[in-house]
Amino acid sequence: MKSMLWKNWSGSVKFKPNQVFYPSSIEEVVNLVKKANSENKKIRVVGSCHSFTPLISTNDYLLSLDNLNGVISINKEEQIAEVWAGTKLEQLGNELYESGFSQENLGDINVQSIAGAFLTGTHGTGIDHGILSTQIEEMTVVLPSGDLLD
Ligand SMILES: Cc1cc2nc3c(=O)[nH]c(=O)nc-3n(C[C@H](O)[C@H](O)[C@H](O)COP(=O)(O)OP(=O)(O)OC[C@H]3O[C@@H](n4cnc5c(N)ncnc54)[C@H](O)[C@@H]3O)c2cc1C
């Protein structure tokens, strides 16, 4: 997609990526990683631009998982939901609620992506609850080589 000026939530970080990609499958993510490698480009992934430090800033490729969103499945017995990394917390809350579930703890707002919240140590409150990433049971990750790791 055509490049434009991107800003984080507070406006303290501004940047113009060379290109922005919105893959709709894991295969497309893998192909993008391989393309970036062959062109000697770096990739940054963006969730909802709510982090305060320049984690998402890049002049190379920006990758958004906005098209990879939603709950994939829920194992009611084990109380484990499989969700796409681009799922925003509000959507996740609504979809879990439809099945009678919720995340055990959340932060102040619900616009973050689940991946962005997990990867920055986002936390809610309460001494009996861990940070959001303690809710992770398993992840599928696309490695810099383009290989998949569970
Ligand atoms: C108004 C406001 C209120 C907030 N309240 C709280 C709070 O109550 N508690 C708290 O702990 N924090 C809070 N935060 C911080 C916020 O939760 C974090 O900054 C969180 O990272 C934002 O998620 P995001 O989806 O916007 O991630 P981004 O800022 O877009 O990205 C964060 C990091 O995650 C990486 N990333 C994102 N998606 C992926 C992916 N799919 N794969 C690999 N890497 C990825 C990015 O590359 C980047 O390094 C708040 C922030 C704001 C602006």
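Bear in mind the structure is a predicted one, so any value in this text is a computation, not a measurement.

Caption draft 1: A look at the site of the ligand. Close to the ligand lie 25 residues; Val-45, Ser-51, Asp-108, Thr-120 and His-123 are nearest. Within the backbone of Asp-108, an N or O atom sits 2.7 Å from an oxygen atom of the ligand. For the ligand, an oxygen atom lies 3.1 Å from a polar atom in the backbone of Gly-116. Alone, the ligand offers 970 Å² of accessible surface; in the complex the protein occludes 82% of this. Elements supplying a minimum of two residues to the shell around the ligand: strand 4 (43–46) and helix 3 (114–119). When residues of the shell around the ligand are assigned to their parent elements, the largest contribution, four residues, is made by helix 3. Residue classes in the shell around the ligand are distributed as 13 nonpolar, eleven polar and one charged. When residues of the shell around the ligand are assigned to domains, at least three fall in each of domain 1 (6–66) and domain 2 (71–143).

Caption draft 2: Just the packing of aromatic side chains, in detail. Taken as a whole and assessed by the stated rule, the structure comprises three aromatic pairs. Between Phe-21 and Tyr-61, the ring centres sit 4.9 Å apart and the planes meet at 70°, which makes this aromatic pair edge-to-face. In this pair, Phe-21 is assigned in strand 3 (residues 19–21) and Tyr-61 in strand 5 (residues 61–64), connecting sequence segments 40 residues apart. Each member of the pair, Phe-21 as well as Tyr-61, carries the same accessibility label: buried.

Caption draft 3: Expanded view of the sheet that holds strand 5. What the three strands build is an open sheet, ordered 3-5-4; its pairing is parallel. The strands lining the two open edges of the sheet, one partner per strand, are strand 3 and strand 4. The mean angle between the axes of side-by-side strands here comes to 25°, regardless of whether they run parallel or antiparallel. Pairing analysis gives three bridges linking strand 3 to strand 5, with the strands arranged parallel. Note that in strand 5 the partner of Gln-19 across the bridge is Tyr-61.

Caption draft 4: Structural view of helix 2 (residues 89–98). Every buried residue of helix 2 is listed here: Leu-89, Leu-92 and Leu-96. For helix 2, the buried positions fall inside an angular range of 55° around the axis, keeping them on one side. Residues of helix 2 that are exposed and point more than 90 degrees away from the buried face comprise Tyr-97 and Glu-98. For helix 2, the elements touching its buried residues are strand 6 (71–75), strand 7 (80–83) and helix 3. Gly-100 sits one or two positions beyond helix 2 and adopts a positive phi of about 85°.

Criteria and thresholds
- Residues numbered from 1 in each chain as written.
- Predicted model: local features only at pLDDT ≥ 70, side-chain atom pairs only at ≥ 80, totals over all residues.
- Heavy atoms only, no water.
- Near = heavy atom within 4 Å.
- Polar contact = N/O pair within 3.5 Å; in protein donor to acceptor, adjacent residues only side chain to side chain.
- Areas by Shrake-Rupley, 256 points an atom, 1.4 Å probe, with all protein chains shown as cover.
- Helix = DSSP H or I, 4+ residues; strand = E, 2+ residues; numbered from the N terminus.
- Nonpolar A, V, L, I, M, F, W, Y, C, P; charged D, E, K, R; others polar.
- Domains from an automatic or database assignment.
- Phe/Tyr/Trp six-rings, centres within 6.5 Å; stacked < 30°, edge-to-face > 60°.
- Buried < 20%, exposed > 50% of the residue type's maximum accessible area, 1.4 Å probe, protein only.
- Pairing = 2+ DSSP bridges.
- Axes fitted to C-alpha atoms, helices over the stretch in contact; angles between N-to-C directions.
- Arc of directions from axis to C-beta.
- Contact = heavy atoms within 4.5 Å.

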